[in-house]
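Fold and geometry: a report
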Amino acid sequence: YHFKNLYGLKLMQNILITGCSSGIGLQTALTLKENKYKVYASAKKDEDVEMLKSLGLEAFNIDVRNKEEISFALNKILENDLKLDAIFNNAGYGQPGAVEDLSVEVLKKQFDTNFFGLHEVTIQAMKIFRTQGFGKIIQHSSVLGIISLKYRGAYNASKYAIEGINDTLRQEVIGSNIFISTINTGPVTSKFRENALKKFNKNITIKGSFFEETYKKELKARLETTEDKAPFNLPASSVANVVLKIMQSQKPKPRYYVTTATHILGFLKRVLSTSLMDKLLNKI
């Protein structure tokens, strides 16, 4: 569905990517740029936007919790290119902590970025896609949108919410030239754990918690390690290559699993009883 100008020439496909300060977002932006896509990368902090520009990327300040910043970026893209081909909702973070130690306010903050921010970008892009008659929405979920792991309740819940909204939106665009693709990513090298540690230290009260000893001996140690010990861990390029595949496809698939861990756990979720699955996951 390449958009053509008045002279019938195919124009370069473009994409807006959120959460490009490091890791998956940054690698995806660079991979697509290398493959001749026009990439509009975004990040929350000024210094990260400047870093993106220094790499030759078009870049915007976008905190996905700010609908005006989203609107500004999308309007600029339309001014420049007269169309929008795709968005990749990648921005997000993890808030560790046992469910009973998560305040409602902390849970709301997790959803503000991971779910409500993603939704705001989606509905603004949908207005453009409905008008022009085509578009691709790439939603970054997680293996934790399929299965749940302990001490990750806030993140699990935000990703399950993404699954629900994606499954609904896909049905509502059937028959159009708009495609919704969900990426379920397993363990991938990024700054995710480093950022999660900051959120844990800031928002979880360890002293007096039922899990005080577990936090000190296990959870903090895992978050503080600089090694990627997770089985089947892959580099950020594994996700970037899937986004590239979606961009190259006329009819992308509704779902893409990234990492062997996602394939294994997704399969076990379908075949094991809930009790057996809980016992298995509790050992991870």
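Before reading on, note that the structure itself is shown above.
Residues numbered from 1 in each chain as written. Predicted model: local features only at pLDDT ≥ 70, side-chain atom pairs only at ≥ 80, totals over all residues. Heavy atoms only, no water.

So, helix α4 (residues 104–132)
We apply this condition: The helix and strand labels rest on DSSP assignments: H or I over at least four residues marks a helix, E over at least two residues marks a strand, and numbering proceeds from the N terminus. Expected span of a helix: the number of residues minus one, times 1.5 Å. Take the seven residues that end at a residue and the seven that start at it, fit an axis to each, and the angle between those axes is the bend at that residue.
In this model, α4 (29 residues) spans 40 Å end to end at C-alpha, consistent with the 42 Å of a helix rising 1.5 Å per residue. Helix geometry: α4 is bent most strongly at D112, by close to 45°. One or two positions beyond α4, positive phi appears at G133, with a value near 90°.

A word on unusual backbone geometry
Filter applied, for reference: In this scheme, a residue with accessible area under 20% of its type's maximum is buried, one over 50% is exposed, and one in between is partly exposed, where area comes from a 1.4 Å probe on protein chains only.
We note that L82 has phi near 65°; this positive angle belongs to a residue other than glycine. When its relative accessible area of 66% is taken as the criterion, L82 is described as exposed. Phi is positive for Y151, which is not a glycine, with a value near 65°. Residue position: Y151 is located in the loop between β5 (135–140) and α5 (153–172).

Some remarks on the packing of helix α9 (residues 260–271) against helix α10 (residues 274–281)
Let me state the cut-off plainly: Axis lines are fitted to C-alpha atoms, over the contacting stretch for helices. Their N-to-C directions set the angle, which ranges from 0 to 180 degrees. Oblique is the label for any angle not under 35 degrees, not over 145, and not in the 65 to 115 range, which are roughly parallel, roughly antiparallel and roughly perpendicular in turn. Whether two residues touch is decided by their heavy atoms; if any such pair falls within 4.5 Å, the residues are in contact.
For the pair α9 and α10, interaxial distance at closest approach is 8 Å and the crossing angle is 150°. The angle between α9 and α10 falls in the class roughly antiparallel. Taken together, the residues of α10 that come into contact with α9 (itself represented by L265, L268 and K269) are M277, L280 and L281.

Looking at the packing of aromatic side chains
Filter applied, for reference: Stacked, tilted and edge-to-face pairs are distinguished by plane angle, under 30 degrees for stacked and over 60 for edge-to-face with tilted covering the rest, among Phe, Tyr and Trp rings (Trp via its six-membered ring) whose centres lie within 6.5 Å. Any Lys NZ or Arg CZ that is within 6 Å of a ring centre and within 35 degrees of that ring's normal is treated as a charge sitting over the ring.
Applying the stated criterion across every chain, the model contains 11 aromatic pairs. Aromatic pair Y151 and F211: ring centres 5.5 Å apart, planes at 75°, arrangement edge-to-face. With Y151 in the loop between β5 and α5 and F211 in the loop between α6 (192–203) and α7 (212–224), this pair connects stretches of sequence that are 60 residues apart. With respect to burial, Y151 and F211 carry one shared label: buried. Both rings, one in Y151 and one in Y215, keep their centres 6.4 Å apart while their planes meet at 70°; by these two values the pair is edge-to-face. Residue Y151 is located in the loop between β5 and α5, and its partner Y215 is located in helix α7; the two are separated by 64 residues in the primary sequence. Across this residue pair, the class does not change: Y151 and Y215 are buried. Through successive ring pairs, a cluster of aromatic residues spans Y151, F200, F210, F211 and Y215. Above the face of the Y93 ring, K199 is positioned so that its terminal group lies 4.6 Å from the ring centre.

Interpretation note: all reported values are geometric properties and have no functional meaning in isolation.
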